[in-house]
Amino acid sequence: GQPNGQRTYVQAAISRPWVAPGWFVTPKLQLHSTKYGFDAPLANGRTSASRVLPTVSVDSGLVFERNTQYFDRDVLQTLEPRAFYTRTPFRDQSFLPNYDSAANDFNFATIWSENAFGGHDRRADADVLTLGLGSRFLSPQTGAEWVYLRMAQRLRFSSQNVVLPGGLPATEKFSDTLLGATLNPHERWSLDGTAQYDPDIARSVRTTLSTRFSPGPYRVVNLAYRLQ
């Protein structure tokens, strides 16, 4: 159902990480340019279209450490607050075709990303601050990670007006809260759980539980349960 045509896009980015023991700051500037040429005129009579959008983001975090004990075992515990801000101005893209853009899944990977969509036909306008907090429990001798606890939530300062065809603007100020836990009780076992909590209805709307077992070289068993 999309018009036949050619699409050319260029995505350029430049960033400068500042990293030191205990903290990091990474400002980043992106420029996304897309140009279309259509085989037949669109409804507005045009046979070509273009869009240029800049995106600015700043990723930052702190890492605190302390030596402690749990269950008579020496533990190196961390506390890791993180803040990620991204800003993309609004450009009307409703007249453009949609060849490959779709909404990103809401998880711990995408909550720290600049664009709410995958693909190159839609770039979401954004004025968003993501806040997160993590804590790791490590072996002081080897650095092996035994436990990793984390949470994250987005704060939207203005509505997201760029949508997919048939979609509605995103107006909620606060996103759902993501809660996660990873346990590594043994070098062969790994347990992971993630919950998406909706504060408006005071309940979890999606839960994922998974386990990974490696009985030996080149052998892995995965088991996962998902509820939405």
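The structure contained in this document is the topic of the report that follows. (Residues numbered from 1 in each chain as written. Predicted model: local features only at pLDDT ≥ 70, side-chain atom pairs only at ≥ 80, totals over all residues. Heavy atoms only, no water.)

Below, the discussion takes up the overall build of the protein. Counting secondary structure elements, the protein contains zero helices and 14 strands. Listing each helix as α and each strand as β along the protein from the N terminus yields β-β-β-β-β-β-β-β-β-β-β-β-β-β. Against the compact-globule benchmark of 17 Å for 228 residues, the protein has a radius of gyration of 22 Å, which places it well outside the compact range. Dimensions of the protein along its principal axes, counting C-alpha atoms only, are 75 × 40 × 40 Å. The buried share among the 228 residues of the protein stands at 32%. A fraction of 53% describes how many contacts in the protein between residues 6 or more apart in sequence connect residues 24 or more apart. A total accessible area of about 14000 Å² is found for the protein, and carbon and sulfur atoms account for 57% of it. For the protein, the distance from the average site of its 24 positive side-chain charges to the average site of its 20 negative ones is 4 Å. (Helix = DSSP H or I, 4+ residues; strand = E, 2+ residues; numbered from the N terminus. Rg over C-alpha atoms; globule rule 2.2 N^0.38 Å. Buried < 20%, exposed > 50% of the residue type's maximum accessible area, 1.4 Å probe, protein only. Contact = heavy atoms within 4.5 Å. Areas by Shrake-Rupley, 256 points an atom, 1.4 Å probe, with all protein chains shown as cover. Lys, Arg positive; Asp, Glu negative; His and termini not counted. Charge placed at Lys NZ, Arg CZ, Asp CG, Glu CD.)

Before going further, it helps to examine the side chain of T55. Residue placement: T55 occurs in strand β4 (residues 48–62). At 2.9 Å, the side chain of T55 forms a polar contact with the side chain of T88. For T55, the residues in contact, after removing those within four places along its chain, are K28, L29, Q30, T86, R87, T88, E114 and R123. (Polar contact = N/O pair within 3.5 Å; in protein donor to acceptor, adjacent residues only side chain to side chain.)

For the structure shown, the criterion picks out nine salt bridges. When the shortest N-O distance is used, the salt bridge between D59 and R82 registers 2.7 Å. Taken together, the residues D59 in strand β4 and R82 in strand β6 (residues 73–88) connect sequence positions 23 residues apart. For D59, a relative accessible area of 14% corresponds to the buried category. Salt-bridge contacts for R136 lead to E80; the nearest nitrogen and oxygen are separated by 2.9 Å. (Salt bridge = Lys/Arg side-chain N within 4 Å of Asp/Glu carboxyl O.)

In this section: the pairing of strand β12 (residues 189–198). The pairing of strand β11 (residues 177–186) with β12 spans eight bridges and is classified as antiparallel. When the sheet's bridge partners are listed, T182 is paired in β12 with D192. The hairpin turn running from β11 into β12, its antiparallel successor, is two residues long. Note that β12 and strand β13 (residues 203–216) share 10 bridges and pair antiparallel. Each bridged residue has a counterpart across the sheet, and for A195 the counterpart in β13 is T207. (Pairing = 2+ DSSP bridges.)

Another point: the packing of aromatic side chains. For any pair of aromatic rings, the description consists of the separation of the ring centres together with the inter-plane angle of the planes. One pass over the structure, following the stated rule, counts four aromatic pairs. For the ring pair Y36 and F38, a centre distance of 5.9 Å and an interplane angle of 10° mean the geometry is stacked. The exposure class of F38 is buried, given its relative accessible area of 8%. When the centroid spacing of 5.5 Å and the interplanar angle of 75° are considered together, the rings of Y70 and F137 count as edge-to-face. Within this pair, whereas Y70 is found in strand β5 (residues 64–70), its partner F137 is found in strand β9 (residues 126–138), the two being separated by 67 residues in sequence. Feature note: the residues Y36, F38 and Y99 constitute an aromatic cluster, connected by ring pairs. (Phe/Tyr/Trp six-rings, centres within 6.5 Å; stacked < 30°, edge-to-face > 60°.)

This paragraph deals with a nonpolar patch on the surface. A cluster of nonpolar side chains, namely W18, W23, L62, F64, L79, L133, M151, L179 and Y197, defines an oily patch on the protein surface of about 820 Å² accessible area. Relative to the helices and strands, W18 resides in strand β2 (residues 18–20). Judged by relative accessible area, W18 falls into the partly exposed class, the value being 39%. (Patch = residues over 30% accessible without salt bridge, like charges linked within 9 Å, V, L, I, M, F, W, Y side chains within 5 Å.)

Take unusual backbone geometry next. Its identity as a non-glycine residue notwithstanding, D72 has a phi of 60°, on the positive side. Mapped onto the elements, D72 comes out in the loop between β5 and β6. Owing to a relative accessible area of 75%, D72 belongs among the exposed residues under this scheme. In this model, A202 sits at a positive phi of 55°, which is unusual for a non-glycine residue. Position of A202 among the secondary structure elements: in the loop between β12 and β13.

Another point: the environment of A144. Following the sequence through the fold, A144 ends up in the loop between β9 and β10 (145–156). Through-space distance from the C-alpha of A144 to that of L133 is 20 Å; in sequence the pair is 11 residues apart. In this structure, A144 is in contact with F137, L138 and S139, ignoring residues within four places of it in sequence.

The values reported here are purely geometric and, on their own, carry no functional implication.
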